[in-house]
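# Descriptive analysis of the structure
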Amino acid sequence: MITKDATISAPAALALPAEEPRQHPGKKRRAWDEVPRRHIYLPLALYLLFTLIPFYWILLFALRPAGSTSLVPWPMTFDHFDKVWNDRSFGTYFQNSVLIAVATLVMTTLVALAGGYALARFDFRIKRGFMLALLCSQFVPGALLLVPLFQIFAKLQMINSLGSVIIAETVFQLPLSMILISGFIRNVPYSLEEAAWVDGCDRFTAFRIVVLPLLRPGLIAVGSFAFVHAWNHFLFALMFLSDQSKQTIPVGLNTLMSSDSVDLGALAAGGIIAAVPVVIVFAFIQKWLITGFSAGAVKG
């Protein structure tokens, strides 16, 4: 028999629990959505301020007149740029640095491309030992290579020649570049090359048509790394080039500092001249640079 109390309490027992608010189907809750925005933007603003103050200080010394103590570059002057470009031969240094950096980029990319393809697609007896040697070479500082390289270039009569710096920079960049490019090539499916062989292509043609276009982000990453290192490297140019007309920008910046005094305006102007090409290059290739390093970090 159903009592009155049971009849009354039955609907309450069968009542559905209250529905929780549904999230939008296309939206996932992320951990940082619960963090107040000020906890994110404040550290980023402090870091940005810490990063930009040195750049502003360089611009201040480069654009304000000599002897001025103003914190604003006004009246603005370009005398320091004219001094370093014409009187201190920075125009010649700039041309030499461009030549060395571009030649290093081309030679490093071509040799590393051939070596990286061999490491990625062929198996040979000393492959593991060769890869280990490439990795171990990264622990050797460039200063240890100065004496043997100087003796080699002296016998080849290449001292005081831009070619000696180009070869030294290329040799120094090759191990890491070969390792990176071999990783990029491993990420390209081998079946694509086999399909090209079936269509009548030889190995070189299949590589040029099928594989090479897919390696563009990786090649840009390796080439930019070689370019920036050759552009900024100081030691090889200082040791192998004795003629002032063949010096590079890093060595030219060093000549602006003496034991008695430092021309801060000229030094700041020279630093801006040295930094502008690198900033322009990275501004144009940053998209491919990030993609290239990400591709090389993934195991195929």
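Residues numbered from 1 in each chain as written. Predicted model: local features only at pLDDT ≥ 70, side-chain atom pairs only at ≥ 80, totals over all residues. Heavy atoms only, no water.

### Topic: the overall build of the protein chain
- Each helix and strand in the protein chain was counted, giving 13 helices and zero strands.
- Mapped from its N terminus to its C terminus, the protein chain presents α and β elements in the order α-α-α-α-α-α-α-α-α-α-α-α-α.
- By residue count, 34% of the 300 residues in the protein chain fall in the buried class.
- The long-range share in the protein chain, meaning contacts at least 24 apart out of those at least 6 apart in sequence, stands at 72%. (Helix = DSSP H or I, 4+ residues; strand = E, 2+ residues; numbered from the N terminus. Buried < 20%, exposed > 50% of the residue type's maximum accessible area, 1.4 Å probe, protein only. Contact = heavy atoms within 4.5 Å.)

### Description of the packing of helix 9 (residues 203–214) against helix 10 (residues 216–232)
- Following both chains from N to C, one finds helix 9 and helix 10 inclined at 65 degrees, their axes separated by 4 Å at the closest point. For the pair formed by helix 9 and helix 10, the contact residues are Leu-212, Pro-213 and Leu-214 on the first element and Arg-216, Pro-217 and Leu-219 on the second.
- Classifying every residue of the contact of helix 9 with helix 10 by side-chain character gives five nonpolar, no polar and one charged. (Axes fitted to C-alpha atoms, helices over the stretch in contact; angles between N-to-C directions. Nonpolar A, V, L, I, M, F, W, Y, C, P; charged D, E, K, R; others polar.)

### A look at a nonpolar patch on the surface
- Side chains of Tyr-56, Trp-57, Leu-71, Val-72, Trp-74, Met-76 and Phe-78 sit close together on the surface and give an oily, nonpolar patch of about 820 Å² of accessible area.
- Residue Leu-71 is classed as exposed on the basis of its relative accessible area, which comes to 55%. (Patch = residues over 30% accessible without salt bridge, like charges linked within 9 Å, V, L, I, M, F, W, Y side chains within 5 Å. Areas by Shrake-Rupley, 256 points an atom, 1.4 Å probe, with all protein chains shown as cover. Salt bridge = Lys/Arg side-chain N within 4 Å of Asp/Glu carboxyl O.)

### Looking at the packing of aromatic side chains
- Per the stated rule, a full pass over the model turns up 13 aromatic pairs.
- A ring pair is formed by Trp-57 and Phe-61, whose centres lie 5.8 Å apart and whose planes are at 70 degrees; its orientation type is edge-to-face. In this pair, Trp-57 and Phe-61 both sit in helix 2 (residues 37–63), four residues apart, roughly one turn of the helix.
- Judged by relative accessible area, Trp-57 falls into the partly exposed class, the value being 42%.
- With a centroid separation of 5.3 Å and an interplanar angle of 85 degrees, the aromatic rings of Phe-153 and Phe-240 are classed as edge-to-face. Here Phe-153, found in helix 6 (residues 146–155), pairs with Phe-240, found in helix 11 (residues 235–240); they are 87 residues apart in sequence, far enough to count as distant. Just as Phe-153 is buried, Phe-240 falls in that class too.
- One aromatic cluster is present, built from ring pairs that chain together Phe-150, Phe-153, Phe-172, Phe-236 and Phe-240. (Phe/Tyr/Trp six-rings, centres within 6.5 Å; stacked < 30°, edge-to-face > 60°.)

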